[in-house]
Amino acid sequence: MLDKHRTTSIATLPQTHGHVPCRPAEARRTVERVMTERCRARDLPCAHEAVEDALLVTSELTTNALLHGGGITGFAVDVDGGGVRVSVSDDSDDLPVTDPAGDEPAHPHPGGRGWPIVCRLASDIRVAELPSGGKCITAVVPLR
C-alpha cells in the first residue's frame, strides 16, 4: 500500500506546536481542538465524519509510533482548505507495512490493519526520513 503514496528521503522535523503527545488519546484531543479552532477561524467546512476520520488516522499513526517506532518524537497538526494534516515522527527508519497475516483468524498477533485504514482515509500520505534518524509520516484527511 505504501507504493501509491509518496516517499521522500529527507524531511525536517515537523513543528510540534509546543508539545509532543505521549499517548494517542492526547494526540486525538489536540487534533480535535485544532480542527475546531481552525475550521471556525478560517470559515472552513468541517463535517463530523471528517473529524472522526482525522481522529482515527491520528490514533493509528501515534499508536504505530509507540508500538513499532520507539515512541512519538514529533507531532504537528494543521488545517487548511485541503484538509487536516497530521504529522507523526518516531525513531524508526522502518516503513509502515500491511500485515496480511493479521486477517487470518489463527494469526497469533492481532493487528496489521492500521496502515490500510490510514491509506483509505487519507487523500495524501508522505513518509520521509529525518536527518537525525527515524521518519515522519504526514497524512492529509479531507474535510469533505
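Now for a quick tour of the structure. (Residues numbered from 1 in each chain as written. Predicted model: local features only at pLDDT ≥ 70, side-chain atom pairs only at ≥ 80, totals over all residues. Heavy atoms only, no water.)

This part is about helix H2 (residues 48-68). Its 21 residues place the ends of H2 30 Å apart at the C-alpha level, agreeing with the 30 Å of an ideal helix rising 1.5 Å per residue. Turning to H2, its buried residues are Ala50, Val51, Asp53, Ala54, Leu55, Val57, Thr58, Ser59, Glu60, Leu61, Thr62 and Ala65. The elements touched by buried residues of H2 are helix H1 (24-41), strand E2 (72-80), strand E3 (83-90), helix H3 (114-121) and strand E5 (135-141). Backbone geometry just after H2 places Gly70 at a positive phi near 85°. (Helix = DSSP H or I, 4+ residues; strand = E, 2+ residues; numbered from the N terminus. Expected span 1.5 Å × (residues − 1). Buried < 20%, exposed > 50% of the residue type's maximum accessible area, 1.4 Å probe, protein only. Contact = heavy atoms within 4.5 Å.)

Quick look at the pairing of strand E4 (residues 124-129) now. In this structure, E4 lies alongside E5, joined through six bridges in antiparallel fashion. Bridging from a neighbouring strand, Asp124 pairs with Val140 of E5. Linking E4 to E5, which pair antiparallel, is a turn of five residues; within it Gly133 sits at a positive phi near 100°. (Pairing = 2+ DSSP bridges.)

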